[in-house]
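Here's the letter readout for the chains.
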Amino acid sequence: MNVSALSIRNPVPAILLFALLTVGGLLAFHRLPVQNFPDMDLPTVKITASLEGAAPSQLETEVARKIEDNLASLNLLDHITTTITDGLVSISVSFRLEKNSEEALNEVRNAVDSTEDLPSQMESPSVTKVTVQGSALITYAVRSTRLNETELSWFVDNDMTKALLSVSGVGGVSRIGGVDREVHVDLDPDVMGSMGVTAAAVSSRLKSVQADSSGGRGEVGGGRQTIRTLGAVASVEDLKSLAIPLPSGTLVRLDEIGTVTDSFSDRSSLAYLDAQPVIGVEIKRSNGFSDTGVAADIKAAIQKFAAANPDVEIDEAYSTVGPIIENYDGSMQMLYEGALLAVVVVWLFLRDVRATFLSALALPLSVIPTFLAMYFADFSLNTVTLLALSLVVGILVDDAIVEVENIARHLQMGKSAVDAALEAADEIGLAVIATTFTLVAVFLPTAFMSGIPGLIFRQFGVTAAVAVLASLLVARLLTPMMAAFMMKPHPVEEKDGRIMRAYMALMKACLHRRKLTVLGVCVFLGLSLSTIPFLKSGFLPASDDAQTKVTLTLPPGSTIEQTDAMARRAAAVLAKLPDITRVYVAVGSASSGGGPSSTTTSDVTSATLVVDLKPIGDRDRKQSEIENDVRQALAVLPGVRVEVGTGGNGTTLEITLASDDADTLDQVGSALEEQLRTLPGIGAVTSSASLQAPEIQIVPDFARAAALGVTSETISEAVRVATNGDYSSSMAKLNLPQRQVPIRVRLHPQNRAALDDIANLRVAGTNGSVELGSIADFRLGGSPSEINRIDRSRNITLSVELNGRTLGDVNGQAQALPALKDLPQGVHLVEQGELQRSSELFESFGIAMAIGVFCIYAVLVLLFHDFLQPLTILMALPLSLGGALLPLVITGTSFSMPAVIGLLMLMGVVTKNSILLVEYAIMARRGGMPRFEALVDACHKRARPIVMTTIAMGCGMLPVALSLSGGDSSFRQPMAIVVIGGLLTSTVLSLLVIPVIFTFIDDLMDLLTRPFRAKRERLG
């Protein structure tokens, strides 16, 4: 059934269909979330187990290994990553993308619950699904001249956090800086010693007294009542006079054995904005929400909240939304510019306003319905999907160009508009359908790619495929119908111009010298393939977000005051550098990684500086050059490890070594770190190998301790409570109207500043308390400050700042280093992060390419009813390689994901040109025309639409290739370079070489069918 003829005769259904699709697409467009990239998060479950005061080595044996062993058998597991610090075990269990997140959560929870023999003092580990982005979306700086620090901290924790969490899409709010209110009971050791009581006993008794308890039931007066024991006091003054019973049977007021003060807990973080102290409020987005939408809602909520609280000043410290909006605007501008250039090219060729209008109409009518399909597929308006639409702009207008150009040619024969539209649409119909379905055949196999690369390819492929199918609908239903009513007949004697005459002469020369032509093509292919060794590879190119990070790490054992002084010194140095506009400092927090894998942890020996740069358009230097200046400027800081960069895509190479032998692993890690520093052109090299944290070690004299009835557990508890207070869950609490304030019982600070003070601590024994120094020895030692594990083995990760170089280049040089080439037995490399994604990318791309080529071939066989001639069309694919790869080598652009996507798209585009030629030649041959004349006629009739579509597509992508569209072009540019380069070379070569290949395939077919023809003639 000829749908074009049906639409011409009955135009109403087609008009209604596109009206409906357009309205639906516009509604969907306004509901689509805006993001930088699709959420690239693997299903991840976090396990947190805490035991205050426990050393990392102790937690590794008693907690981490046991839980990891139970997790190892889970299905579709990607990695088990464990970080163990003082008192805390954090295990991240990541699964492959195909894993259902709820199923993953349940499996991990069951595995943790079934873990036996965990320490009795430890609370049950918490198991949570990661539903929040790792890095902050927006961070605010809060300050006040009327509220003190304690009041302002509570204001942030209570009032501001409530207001922010009510915003849809906000997944978490955290405070940096400020203090947490605590009541301190600082005990006097002399008074305690005279009474023969320990700090642990006081803390335990206080908790027993300072408590409201429920229990019992009364039946007074014929009714029923619950009974509560109200033992908790409500103020610090009442707490001072609280009498507590001691184990000896005596009682004592709390203020008689120590000083009771309303204070705050030990400071764990600080924040500064442009050298001024503030309290930072970090806001993180939930997965699946729009970056820009959530940010806009947050800003509206903060504006309203600030108006209701004039005593507090709230400023935006930094935001990651700016580059996202800039890239979105750049992508949309690129779409508009590409569409406009494509339309101009059509007009230059056709010189007919009506024909140009018909071709141009295909763009909005193809793009807008695509938004509807994106909405139903849960896609977002991100760099990938908008780039897909930008790159197919030329393709979308292509089908309409072919239809309109063919109709215009029939009109020039003197036919009426309706007859010209009917005959032209029927003549070109098969070619248009074939070209569209070959493109769909290329894009759809990307839906079967796995992992993070598959997620990105899928959004690109499905978006492009839907847009192309929509353009087919326009070309078959709307364009012929509107041409029949709008285009006017104007018979013209068609004359070939100089370019057409020159092309026809060259094409005929190629047909007469077939072997020489094929030899030239083989030489070209050889040269094309020879560029492959010069290609640089990576996963994603480094981006320029006009924002970078500096992470400072001091030696283990450093205090927060020392970290604070070093961070402020670094901020002062950075503030003087050009192209830097603002510096936000978070002391006591360490940021690692970028993008989806970013994490922020609390650590008093670390500080993170977020450095805002001038917008891309307002500076001449790349972000990597500015980061190099930062690196050099901060080299003056003594005894500090400096890491510069967000650690995001394309900026860092991570080499992970794993082993069960910790000593051998440390040796290999140190050797590799030294060798990596010799690589040219890189930035800093940092190792996750833990330094020794200083510790005071108490070694009991077991014989004396046993004689006095003192156990190791008793000693540990006495020392812990006396120096740091009881476990948080075991502390007494002061009940206030909206919260509970912990009451920390420990020795006075001046009585825990020396080893002798600890030796004088009283420990409960069988016959009263004894001095700790009489039953134990003391020494200063060290233990790992942090232990990192991956997949049940200890690991060391060496991070190499690429400093503008590509991942594949630096990794290739690193793999050639002696330390990596000759790894000792028991030490092995673990691929994770960008290296793992890069391997997945090229493996998946190979599979997708093979499936795509087969699908193209299958579609062509079905359409042409021929098994051999489709091979002619496929020969256009290798012809595009030289043009695609050579520009990458010349410009130094890495062969990364955008270039791979561009190459995949190129496969579909170059086959379109070949189809137009081959389809016409086949039809002409079937009509009785000799082969040579059929090929000459096909080249004469189809050269113009082929050149038109190539130039239209090239111009449509030119703003992308030249980075004229604004925003960060690091992802968009490589794709456009590949497509434009491959398109130009394949078009030129296809117009000359495809006819020659057609003759060879035709000769082969004649050779294969000759015996059957001879047999048929004999039988006939």
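Position labels on residues start from 1 in each chain and follow its written sequence. It should be noted that, the model being predicted, local features are given only for residues of pLDDT at least 70 and side-chain atom pairs only at 80 or more, the latter also being counted only at that level, while totals for whole chains, interfaces and linings use all residues. Remark: hydrogens and water are excluded; side-chain values derive from all non-hydrogen atoms of the structure.

1. So, the confidence of the model for the protein chain
Detailed conclusions should not be drawn from predicted coordinates in areas where pLDDT is low.
Point 1. A residue's pLDDT is the confidence the predictor assigns to it, expressed on a 0 to 100 scale. Put simply, the protein chain has an average pLDDT of 84, and 97% of its residues get 70 or more.
Point 2. Whether two residues are in contact is decided by their heavy atoms: any pair within 4.5 Å suffices. Long-range and interchain partners of residues 593-598, a stretch whose pLDDT sits below 50, account for 13 contacts in this model, where long-range means more than four residues apart.

2. Examining the pattern of salt bridges
Point 1. Put simply, a salt bridge is a Lys or Arg side-chain nitrogen that is within 4 Å of an Asp or Glu carboxyl oxygen. Using the criterion set out here, one finds 38 salt bridges in the structure.
Point 2. Residues Asp311 and Arg146 are paired through a salt bridge, measuring 3.3 Å at the closest nitrogen-oxygen approach. Within this pair, whereas Asp311 is found in the loop between α10 (291-308) and β15 (312-319), its partner Arg146 is found in the loop between β5 (138-144) and α5 (149-165), the two being separated by 165 residues in sequence.
Point 3. Relative accessibility thresholds used throughout: buried, under 20% of the residue-type maximum; exposed, over 50%; partly exposed, between the two (1.4 Å probe, protein chains only). We classify Asp311 as partly exposed; its relative accessible area is 37%.
Point 4. With its nearest N and O atoms 2.7 Å apart, the salt bridge here joins Lys941 to Asp937. Here Asp937 and Lys941 lie together in helix α32 (residues 931-961), a separation of four residues that amounts to about one turn. To qualify as a helix, a DSSP run of H or I must reach at least 4 residues; to qualify as a strand, a run of E must reach at least 2; elements of each kind are numbered from the N terminus.

3. Re a negative patch on the surface
Point 1. Taken together, the side chains of Asp660, Asp661, Asp663 and Asp666 make up a negatively charged region of the molecular surface.
Point 2. On the secondary structure map, Asp663 appears in helix α21 (residues 662-676).
Point 3. Relative accessible area serves as the criterion here: at 55%, Asp663 is assigned to the exposed category. Exposure above 30% relative accessible area and no salt bridge define the residues that can form patches, which grow by joining like charges within 9 Å and nonpolar side chains of Val, Leu, Ile, Met, Phe, Trp and Tyr within 5 Å. Here the Shrake-Rupley method, with its probe set to 1.4 Å, supplies the accessible areas, and only the displayed protein chains count as covering residues. Under the convention used here, Asp and Glu are negative, Lys and Arg are positive, and both His and the chain ends fall outside the count. Where a charge sits is defined by one atom per residue type, namely NZ (Lys), CZ (Arg), CG (Asp) or CD (Glu).

4. Overview of the sheet that holds strand β23 (residues 732-735)
Point 1. Read from one edge of the open sheet, four strands run β12-β7-β24-β23, paired in mixed fashion. Looking along the sheet, the strands with just one partner apiece sit at the ends: β12 (258-264) and β23. Direction aside, neighbouring strands of the sheet carry axes that sit 30° apart on average.
Point 2. Strands are labelled as partners when DSSP assigns at least two bridges between them. Note that β23 and strand β24 (residues 740-747) share four bridges and pair antiparallel. What sits directly across from Ala732, in β24, is Ile743.
Point 3. Axes, fitted as lines to C-alpha atoms, cover a helix only where it is in contact. Angles between the N-to-C directions of the axes lie from 0 to 180 degrees. Against the sheet, helix α7 (residues 199-209) engages β7 (181-187), β23 and β24, with an angle of about 155° to β24.

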